[in-house]
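# Chain and residue survey
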Amino acid sequence: MTEILPFVSNIRWQDVFDITLNSYILFRLYILFRATNVFRVLIGIALLWFIQRIAVSLGLIVTSWAIQGITAVAALIIIVVFRNEIRSVLQARNLKAILWGFSGKTVDTPVEIIVESVYELARTRTGALVVFRGKEDLAEVLQGGIPWRGLVSKEMMTSIFWHDNPVHDGAAIIEGNQVTEVGVILPLSHRDDLPSYYGTRHRAAAGLAEATDALVIVVSEERGNVVLARGSDMSVISRKEELAKILREHVGVTAEEWTYLRGGKLEIGVAALVSILFITAVWFSFTSGLDALVTLEIPIEYMNRDPEMEILDTSVNAVHLDLSGSGALIKSIRPGQVQVRLDLNKAAPGHNAFTIADENVALPPGVFLKRVQPSVVEVTVDVPTNKKLPVQVDWVGRLAEHLILTEVKVNPENVWVIGGKRILKNVSTIYTAEVPLDNIRKTGTVNVNLMFDLGSVKIAPGSTDRIKVEYVAKERPQ
Amino acid sequence: MCEDIKEFTPENQAIVFSITIGRISCFTSFDPVPEETFIYHNWFRRDKLSKRIKLSLQPPRWSTFSSFQLREADQGPWRVEITDKDGRILRLFRFSITD
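Calculation notes
- Residues numbered from 1 in each chain as written.
- Chains lettered and ligands numbered in written order.
- Predicted model: local features only at pLDDT ≥ 70, side-chain atom pairs only at ≥ 80, totals over all residues.
- Helix = DSSP H or I, 4+ residues; strand = E, 2+ residues; numbered from the N terminus.
- Buried ≥ 20, exposed ≤ 12 C-beta atoms within 10 Å, placed from the backbone.
- Contact = placed C-beta atoms within 7 Å.
- Pairing = 2+ DSSP bridges.
- Core = buried A, V, L, I, M, F, W, Y, C linked by C-beta atoms within 7 Å.
- pLDDT = per-residue confidence, 0-100.
- Axes fitted to C-alpha atoms, helices over the stretch in contact; angles between N-to-C directions.
- Parallel < 35°, antiparallel > 145°, perpendicular 65-115°, else oblique.
- Left-handed = near helix turned anticlockwise from the far one by under 90°.
- Nonpolar A, V, L, I, M, F, W, Y, C, P; charged D, E, K, R; others polar.

### Some remarks on the overall build of chain B
Of regular secondary structure, chain B possesses zero helices and nine strands. Overall, chain B shows an N-to-C arrangement of helices and strands of β-β-β-β-β-β-β-β-β. Looking at the 99 residues of chain B, the share that counts as buried comes to 23%. Long-range pairs, those at least 24 residues apart, make up 54% of the contacts in chain B with a sequence separation of at least 6.

What follows is the structure in structure tokens.
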């Protein structure tokens, strides 16, 4: 308890907002996809992920590897296989419906009108095929179809299946209180056990009912009866009340509608609560316990440099950051998430020292900076310029006592160098690398490189840093 | 640049001097000297001025020199700039002080 209280008191408003936002997103995803197969598959993937974590914790190498692969592939498959359902959820609704609306069976199907229409068609021996969608998407199994989007009425139903109507042979799809499509071609059943007097219309109804959870009503043209196809069942419905009851059950409207609504609210409430609890648990798993410490070497980014000046030298190119945070957050840090930036806007020509403070370090949320090493970065900026410098040999060691070096000639005598104007102002000679005297016994020649010990000063393009040194050694007079 | 000056003559002119000799000199001779003036001997170790000596010149010709006592810390490349009273470089000598 004593450990929890300080932790809770450290919760920032950003954390509350973070949990609320993500809980709502999760809740909305549930609301949008709850009636589709996508949701069931998502639950399956979540279960796979959970099992995989258990397998990892138990050290089941092959199992965890296999489930990880399946989960990764499943995430891709869900997008490909259920693209139509995802599209229908996202496209069929406006932004308000996606962000706020509660989908569901809010539009009642006019069961009485449909039943009356169907039996009127049967009485007049007008063949008809009417489809009521279940929870599954029918787009993959239906063919053809003409968008209709007309409100269901007895007259509308009669006219759709009227003999002279070009679309009367196809099926009509009813969703809510609308006939959404007409002239739709259904897949035919290949069953052998259907009565021989069943024609194409009956076989189409059976085919769709077998392949999906849709409910199909067939009105027989020859016998004038009403056949209902659901799953693998085909049954003649002679009573209007019976058909009405079956239809109500299928479209989700029962006599006790208030019970359904109350159940719906309860479901939504539970979903909201579960979303909050789940995201809160995830948040706690990420942030609880500032137990992990990591040291990262991060390159320094220099910003807002005066365009006329160049960075000639820096004391370090990268700094070591000691970061703390929860183990999960520390482990998930990617290289691009941590940045160290120094503002050179106020840098003066020459040597500048910058102390790296918190505002110079960009960190992912929930990760804290403990220490910067080194905390001070020295940066030399200057206007780059060229300068011609004479070359001088840097002799070292000890010349044999009987010898004197009387002359030296260097080639080239001068070289061009490039460096900061301020630095080069005080430089009047460039020296060679050390040339040892110890082995000199007579006049000779040696080739040697120039020594650039000024850091930012470099040989200019076109100049050479290889110097030929010719020297004259004479015997020391007695 | 020389190791010693005897009877106003530089001895053992060289470009490398060992600190073991203890002292080195920069000998300069001017002919003609139109009027009384003075010059400077500016001793630089690398690019840092180490010693500045003012020397007078007398007509019609004049020789003069400056000397430098060598210490262990003086090892390295040196130069002596001979300048007139206005700072114009008249001559420049480069040499090294070694072990």
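### Focus on the sheet that holds strand 19 (residues 430–436) of chain A
All names here are of chain A. An order of 19-16-18-21 is seen for the four strands of this open sheet, with the pairing classed as mixed. Edge positions in the open sheet fall to strand 19 and strand 21 (458–459), since each of these has one partner strand only. Alignment of strand 16 (residues 384–396) against strand 18 (residues 414–420), held across seven bridges, turns out to be antiparallel. Considered in strand 18, the bridge of P384 is made with G420.

### Things to note about the nonpolar core
Membership of the largest hydrophobic core comes to 43 residues, with the highest contact counts inside it found for V118, V131, A205 and V216 of chain A. The contacts of V131 of chain A, once residues within four sequence positions are left out, are A171, A172, I173, I174, L208, A214 and V216 of chain A. Core analysis: the second largest hydrophobic core is formed by 22 residues, I404, L405 and A473 of chain A together with F95 of chain B among them.

### So, the confidence of the model for chain B
Of the residues in chain B, 100% have a pLDDT of 70 or more, and the chain-wide mean is 94. The ipTM value of the predicted complex is 0.94, and its pTM value is 0.45.

### A word on the interface of chain B and chain A
At the junction of the two partners, chain B supplies 13 residues and chain A supplies 20 residues. Among the elements of the structure, strand 2 (9–13), strand 3 (16–18), strand 8 (76–84) and strand 9 (89–98) of chain B are those that each provide at least two residues to the side of chain B that touches chain A. The greatest single-element share of the side of chain B that touches chain A, amounting to three residues, is contributed by strand 9 of chain B.

### A closer look at unusual backbone geometry
Residue Q373 of chain A is joined to P374 of chain A through a cis peptide bond whose omega torsion reads -5°. Following the sequence through the fold, P374 of chain A ends up in the loop between strand 14 (368–373) and strand 15 (376–382). Cis geometry marks the peptide bond from P59 of chain B to P60 of chain B; its omega dihedral reads 0°. By the secondary structure assignment, P60 of chain B is in the loop between strand 6 (48–57) and strand 7 (62–69). Positive phi, normally seen in glycine, also occurs at E7 of chain B, with a value near 55°. Take E7 of chain B: it is sitting in the loop between strand 1 (2–6) and strand 2. Unusually for a residue other than glycine, N12 of chain B sits at a positive phi of about 55°. Tracing the sequence through the fold places N12 of chain B in strand 2. Overall, the presence of 16 C-beta atoms within 10 Å leaves N12 of chain B in the partly exposed class.

### Thoughts on the packing of helix 7 (residues 111–123) of chain A against helix 10 (residues 240–251) of chain A
Residues and elements named next belong to chain A. As a packed pair, helix 7 and helix 10 sit with axes 10 Å apart at the nearest point and diverge in direction by 135°. Judged by the angle between their axes, helix 7 and helix 10 are oblique. Relative to helix 10, the crossing made by helix 7 is right-handed. Contacts between helix 7 and helix 10 involve V111, E112, I114, V115, V118 and Y119 from the former and K240, L243, A244, L247 and R248 from the latter. Split into classes, the residues belonging to the contact of helix 7 with helix 10 amount to eight nonpolar, no polar and three charged.

### A few points about the sheet that holds strand 5 (residues 37–45) of chain B
Hydrogen bonds along the backbone pair up the strands of a sheet, which may run parallel or antiparallel. Residue and element names in this part refer to chain B. Reading across the sheet, the five strands line up as 3-9-8-5-6 and stay open at both edges, with mixed pairing between neighbours. Each edge of the open sheet is held by one strand with a lone partner, namely strand 3 and strand 6. For this sheet, the mean inter-axis angle between neighbouring strands, taken without regard to orientation, is 25°. Where strand 5 and strand 8 come together, seven bridges link them in antiparallel fashion. Bridge assignment links H41 to a residue of strand 8, and that residue is I82.

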